[in-house]
Amino acid sequence: MLHQRTLKLRAFVALSLICWIPIALMGQRRIEYENYIKQYRGVAIREMKKYGIPASITLAQGLLESNAGESSLSRRSNNHFGIKCHGWRGRSVRYTDDAPNECFRAYDRPEDSYRDHSIFLSTHDRYASLFRLRPDDYKGWAYGLKRAGYATSPTYAQTLVFIIELYKLHEYDNKKLDKAIEHQEHSRKFLTTPHDPHLMNDLVYIVVNAGDSWKSMSKEFGISVRKLQKYNDRDKHSSLHVGDIIYLHKKRSKAPKGCYVHVIRENQSLYDISQMYGIRLDKLMKLNKTLLKDDALSVGAILRLR
């Protein structure tokens, strides 16, 4: 018979939502969008630090306005944000948008378009209220841009929010991820296989690629081998395998808010689950000491995460 505690937990699961890990994302993703994000996320983060505009908003607008850098306007003029002339004294191009043959700003590089976007928003009174929002309030920014008249589409705000959530762009508003991105951008000059940083439990992690070693990751992120192994409940003799999750910070004592339980699937170990949620292995074992005592870690068993 199942332990009474397990029965209670299963009843709890039946009545509540189980946390979904953002490894498999819902919705249709475009490879062109993903490549654009990798190319310009560092620029968006630098603009966020200088001007206070969330990197998620900047990236989402750049993706939408330039069709991931593939629109005719962005190819002709490096204008990734659809900013019209409005007294602009620099180079310009003519393009049909809301009306025929409208005047749009032109730039030497896409990065110049990103900087002008920051200046444009931060120096126009109609956008001033946006800079009083919380730094992580991407929804407030999206709807505020629409109210302020940035775009004429009635679904502009909803589209920005959809892009941000589909591609997890709000992760780039997180200071911890900012630092990892900066490390990565710097590492591209020296390494052939830099890693894309991800977030779980407010912690940055990377996924092991073929050819990785503790030493190469230590060099890439500036963290000692000993610390990397300690952060990830590994000993000095442990080996790495493609697909392993490796955290760049010490893991936490419980899962993120909203992640209460986990149903064990086939071939999952306690260690696997601790890495999925960014929980220290000893803390996960302590949370489930009764279940472990009963040796009930079979497929379908329910683990507590908080």
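Conventions we followed
Residues numbered from 1 in each chain as written. Predicted model: local features only at pLDDT ≥ 70, side-chain atom pairs only at ≥ 80, totals over all residues. Heavy atoms only, no water. Buried < 20%, exposed > 50% of the residue type's maximum accessible area, 1.4 Å probe, protein only. Helix = DSSP H or I, 4+ residues; strand = E, 2+ residues; numbered from the N terminus. Pairing = 2+ DSSP bridges. pLDDT = per-residue confidence, 0-100. Contact = heavy atoms within 4.5 Å. Core = buried A, V, L, I, M, F, W, Y, C linked by side-chain atoms within 4.5 Å. Expected span 1.5 Å × (residues − 1). Salt bridge = Lys/Arg side-chain N within 4 Å of Asp/Glu carboxyl O. Axes fitted to C-alpha atoms, helices over the stretch in contact; angles between N-to-C directions.

1. Topic: the pairing of strand E4 (residues 203-207)
Within a regular beta strand, the side chains point alternately toward one face of the sheet and then the other, so they alternate between its two faces. Counting buried residues in E4 gives four out of five residues, a clear majority hidden from the surface. Sheet topology places strand E3 (residues 198-200) next to E4; three bridges connect them, and they run antiparallel. The residue of E4 that forms the bridge with His198 is Tyr205. Pairing of E4 with strand E5 (residues 245-247), which is carried by three bridges, proceeds in the antiparallel orientation. Across the sheet, Tyr205 pairs through a bridge with Tyr247, a residue of E5.

2. A closer look at the confidence of the model for the protein chain
Low-pLDDT stretches of the model should not have their predicted coordinates read in fine detail. On average, residues of the protein chain score 82 in pLDDT, and 83% of them are at 70 or above. Segment residues 1-18 is flagged for pLDDT under 50; beyond a separation of four residues in sequence, or across chains, it makes 22 contacts in the model. Counting interchain partners and residues more than four positions distant, the pLDDT-below-50 stretch residues 189-193 has four contacts.

3. Description of the nonpolar core
In this structure, Tyr150 and Leu169 are the most contacted members of the largest nonpolar core, which totals 40 residues. Breaking this core down by element, the ones donating at least two residues are helix H2 (31-51), helix H3 (55-66), helix H5 (110-123), helix H6 (138-147) and helix H7 (156-166). No other element matches H2, which puts eight residues into this core. Among residues more than four places away in sequence, those in contact with Leu169 are Ile37, Ser56, Leu59, Ala60, Leu63, Ile163 and Ile164.

4. Overview of the environment of Phe221
Summarising the element assignment, Phe221 is placed in helix H9 (residues 214-221). With 27 residues separating them along the chain, Phe221 and Leu248 place their C-alpha atoms 8.0 Å apart.

5. As for unusual backbone geometry
If a residue is not glycine, its phi is most likely negative; likewise, a peptide bond is most likely trans. Positive phi values are uncommon outside glycine, yet Lys168 reaches one of about 55°. Mapped onto the elements, Lys168 comes out in the loop between H7 and helix H8 (175-187). With a phi close to 55°, Asp233 is a non-glycine residue in the positive phi region. By the secondary structure assignment, Asp233 is in the loop between helix H10 (225-231) and E5. Asp233 gets classed as partly exposed once you look at its relative accessible area, which sits at 30%.

6. Looking at H5
An ideal rise of 1.5 Å per residue puts 20 Å on 14 residues; H5 measures up with 20 Å between its terminal C-alpha atoms. For H5, the complete set of buried residues consists of Pro110, Ser113, Tyr114, Asp116, His117, Ser118, Phe120 and Leu121. Looking at the packing, one finds that the buried side of H5 touches H2, H3, strand E2 (102-105) and H6.

7. Some words on the pattern of salt bridges
Under the defined criterion, the tally for this structure stands at eight salt bridges. In this structure, the salt-bridge partner of Arg105 is Asp116, at a minimum N-O distance of 2.8 Å. Note that Arg105 is positioned in strand E2 and Asp116 in helix H5, a separation of 11 residues in sequence. An identical accessibility class is assigned to Arg105 and Asp116; each is buried. Close ionic contact of Arg134 with Asp136 constitutes a salt bridge, the shortest N to O distance being 3.1 Å. Asp136 sits in the partly exposed class, given a relative accessible area of 47%.

8. Some remarks on the pairing of strand E1 (residues 92-95)
One ladder, built from four bridges, connects E1 with E2; its direction is antiparallel. Paired with Tyr95 across the strands is Glu102, a residue of E2. Between E1 and E2, which pair antiparallel and follow one another directly, the connecting turn spans six residues, one of which, Asn101, has a positive phi of 55°.

9. Remarks on the sheet that holds E3
Strand pairing within a sheet occurs via backbone hydrogen bonds; the two strands may be parallel or antiparallel. Taken in spatial order, the three strands make up an open sheet running E3-E4-E5, and their pairing is antiparallel. Both outer strands of the open sheet, E3 and E5, are each paired with one neighbouring strand and no more. Taking each pair of neighbouring strands and ignoring which way they run, the sheet shows an average axis angle of 45°.

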